Each structure stands twice: as structure tokens, then as C-alpha cells.
Amino acid sequence: TEQELRQAHEKLEATVAERTASLQRSERYLAEAQRLSHCGVTAYKGSKVFYGSEEIYRIWGFDPAQGVPSRKAALQRIHPDDRDRLNVEVERALREKKRYSTAYRIVLPDGAVKHLESIGQPVFSTDGELIEVVATQIDVTERKLAEQALRESEYKLRQILETVPALLWSLD
């Protein structure tokens, strides 16, 4: 019986070690996917942030060694022109018990502005009480800058094309 118990214990330890290694591998893949896609995850309720992925710290410019930042600290980084609109959208979604999707800007301590797109999913208990909000934030700053550069390039090209007939007439 002792030998069977020992074998069962060894088998259980091997299974736990195998599943732990698998979970750690999955976490590494998820962290790498978030880094590559510039998309992070947070979980919060009210003023308390429960979780922030590695990528969230990078996007928002917080130091992971300082621990999970407060929601107040995060809200202070939201661009002042976007803050009220974002709060209204999130509060409405929570009141209506619906998902929200919105775009806004954040301002980092060094003054850099980032453009984010966020989707938040409120999680409720069976009796309708808010448990937490799980949200993603995607850093779309590079895309926004590329769109702006394209608009400026199109404007310059349009200006050139509009002056061509006048130049041809002058040359004629």
C-alpha cells in the first residue's frame, strides 16, 4: 500500500510539474503575442486595478517593480480632452451591463502622446453585482501617425496637381 501510495504521489507530482510547465509556456506565448500586437490586458473594479499584463505596463509607461498602479494613476495619464468622454462611455456601459469599445489618448510623463483603442467587458455575478471589468488596450499610435502622414502627403500631392494647369497655361 505504501508503495502504491508513493507511486501515486510521484505520478501526481509529475502531472503537476508537466501542467505547470505547460502553463508557463502558455503565459510566455501570451506575453509575446501581446508584445507583438501592442495589446495589453487589465482587470479592475471601481478605483482598484487587480491585474495588468506586462504589455500594459509598457504601453502606459508604468514600472512593474512599483506594483499595480491605481486606477487614479491611470486616469491621470488619459489625455484631458478625452477623459470625460471616456468616463461617460465606461459608466454607461457598466450601468447598462454592456461591453464598451472606445478610442482615446494617453500622455506619458515625458509628454509623449499615445493613441489607444480599448474594449472592456464587465463581469457580473449571478445576482447582477459587478465583479470586475476585463479590458484590452491596443496601442495604435504607429497606425495613427501613418494615417496622418498619408493625409499630409495626399494634401501636398493635391496642391501640386491643382497648380499644374496654371503652370501649363503660364508656360504656353
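Look above for the structure.
Notes on the structure in this doc start here. As the structure is a computational prediction, the values presented were derived from the model and not from experiment.

Regarding the overall build of the chain
Part 1 of the reasoning: On a plain count of helices and strands, the chain comes out with five helices and five strands.
Part 2 of the reasoning: Going from N to C terminus, the chain has its helices and strands arranged as α-β-β-α-α-α-β-β-β-α.
Part 3 of the reasoning: Scaling as 2.2 N^0.38, a compact globule of 172 residues should have a C-alpha radius of gyration of about 16 Å, whereas the chain reaches 25 Å, well beyond that.
Part 4 of the reasoning: By its C-alpha atoms, the chain is 105 × 35 × 30 Å across when sized along the principal axes.
Part 5 of the reasoning: A total of 172 residues make up the chain; the buried ones form 24% of that total.

A closer look at a nonpolar patch on the surface
Part 1 of the reasoning: Among the surface-exposed residues, L157, I160, L161 and V164 lie close enough to one another that they form a single nonpolar patch of about 360 Å² accessible area.
Part 2 of the reasoning: Tracing the backbone shows I160 in helix α5 (residues 141–171).

Remarks on helix α1 (residues 2–37)
Part 1 of the reasoning: In a regular helix each residue adds 1.5 Å, so 36 residues correspond to 52 Å; α1 covers 52 Å between its end C-alpha atoms and thus fits that length.
Part 2 of the reasoning: Phi turns positive one or two residues past the end of α1, at H38, with a value near 55°.

Re the packing of aromatic side chains
Each pair of aromatic rings is reported with the distance of its centres and the angle of its planes.
Part 1 of the reasoning: Throughout the structure, instances matching the rule amount to one aromatic pair.
Part 2 of the reasoning: The interplanar angle of 50° and the centroid separation of 6.4 Å between the aromatic rings of W60 and Y104 together place this pair among those described as tilted. You can see W60 sitting in helix α2 (residues 54–60) and its partner Y104 sitting in strand β3 (residues 100–107), a full 44 residues away along the chain.
Part 3 of the reasoning: Judged by its relative accessible area of 5%, W60 is buried.

Describing the pattern of salt bridges
Oppositely charged side chains can pair when the atoms bearing their charge come close.
Part 1 of the reasoning: Throughout the structure, instances matching the rule amount to 10 salt bridges.
Part 2 of the reasoning: Where R35 meets E32, a salt bridge forms, and the shortest distance between an N and an O atom there is 2.6 Å. Of this pair, R35 and E32 both sit in helix α1, three residues apart, which is roughly one turn of the helix.
Part 3 of the reasoning: Residue class for R35 comes out partly exposed when judged on its relative accessible area of 43%.
Part 4 of the reasoning: Beyond isolated ion pairs, a larger network of salt bridges with shared partners links D82, R85, E89 and R105.

Notes on the pairing of β3
Part 1 of the reasoning: Alternating positions in β3 separate cleanly, Y100, T102, Y104 and I106 being buried on one face and S101, A103, R105 and V107 remaining unburied on the opposite face.
Part 2 of the reasoning: Direction of pairing for β3 relative to strand β4 (residues 113–124): antiparallel, over a ladder of eight bridges. If you follow A103 over to β4, its bridge partner there is E117.
Part 3 of the reasoning: Once β3 ends, the chain turns through five residues before running back antiparallel as β4, passing G111 with a positive phi of about 95°.

Notes on the side chain of R71
Part 1 of the reasoning: As for its position among the elements, R71 is in helix α3 (residues 71–77).
Part 2 of the reasoning: Setting aside residues no more than four positions away along its own chain, R71 makes contact with Y44, G46, S47, V49 and V90.

Regarding the sheet that holds strand β2 (residues 48–52)
Part 1 of the reasoning: Spatial ordering of the open sheet is given by β2-β1-β5-β4-β3, a layout of five strands whose pairing is antiparallel. Both outer strands of the open sheet, β2 and β3, are each paired with one neighbouring strand and no more. The average angle at which neighbouring strand axes cross in this sheet is 30°, direction not considered.
Part 2 of the reasoning: In this structure, strand β1 (residues 39–45) lies alongside β2, joined through four bridges in antiparallel fashion. By the bridge assignment, A43 is partnered in β2 with Y51.
Part 3 of the reasoning: Sheet strands touched by helix α4 (residues 80–95): β1, β3, β4 and β5 (130–139). Its angle to β3, the strand with the most contacts, is close to 155°.

Definitions and limits used
Residue positions are given per chain, counting from 1 as you read along its sequence in written order. Owing to the predicted nature of the model, reporting of local features is limited to residues with pLDDT of at least 70; listing and counting of side-chain atom pairs is limited to 80 or more, with chain, interface and lining totals taken over all residues. No hydrogens and no water enter the side-chain calculation; it runs on all heavy atoms of the structure. A helix here means a DSSP run of H or I that spans at least four residues, while a strand means a run of E at least two residues long, and both kinds are numbered starting from the N terminus. In this description the radius of gyration comes from C-alpha coordinates, and the expected globular size is given by 2.2 Å times residues to the power 0.38. Think of it in three bands: residues with accessible area under 20% of the maximum for their type are buried, residues over 50% are exposed, and the middle band is partly exposed, with areas taken using a 1.4 Å probe on protein chains only. Surface patches are drawn from residues lacking salt bridges whose relative accessible area is over 30%; two like charges belong together within 9 Å, two nonpolar side chains (Val, Leu, Ile, Met, Phe, Trp, Tyr) within 5 Å. Calculation of accessible area relied on Shrake-Rupley with a 1.4 Å probe; when residues are assessed, cover is drawn exclusively from the protein chains displayed. By definition, a salt bridge exists where a carboxyl oxygen of Asp or Glu is found within 4 Å of a side-chain nitrogen of Lys or Arg. Expected helix span is taken as 1.5 Å per residue step, with the number of steps being one fewer than the number of residues. Pairing of aromatic side chains here covers Phe, Tyr and the six-membered ring of Trp, requires ring centres within 6.5 Å, and sorts the geometry by plane angle: under 30 degrees stacked, over 60 edge-to-face, intermediate tilted. Note on pairing: DSSP must find at least two bridges between two strands before they are called paired. Should any heavy atoms of two residues lie within 4.5 Å, those residues are considered in contact. Here an axis means a line fitted to C-alpha atoms, over the contact stretch when the element is a helix, while the angle between two N-to-C directions is reported on a 0 to 180 degree scale.

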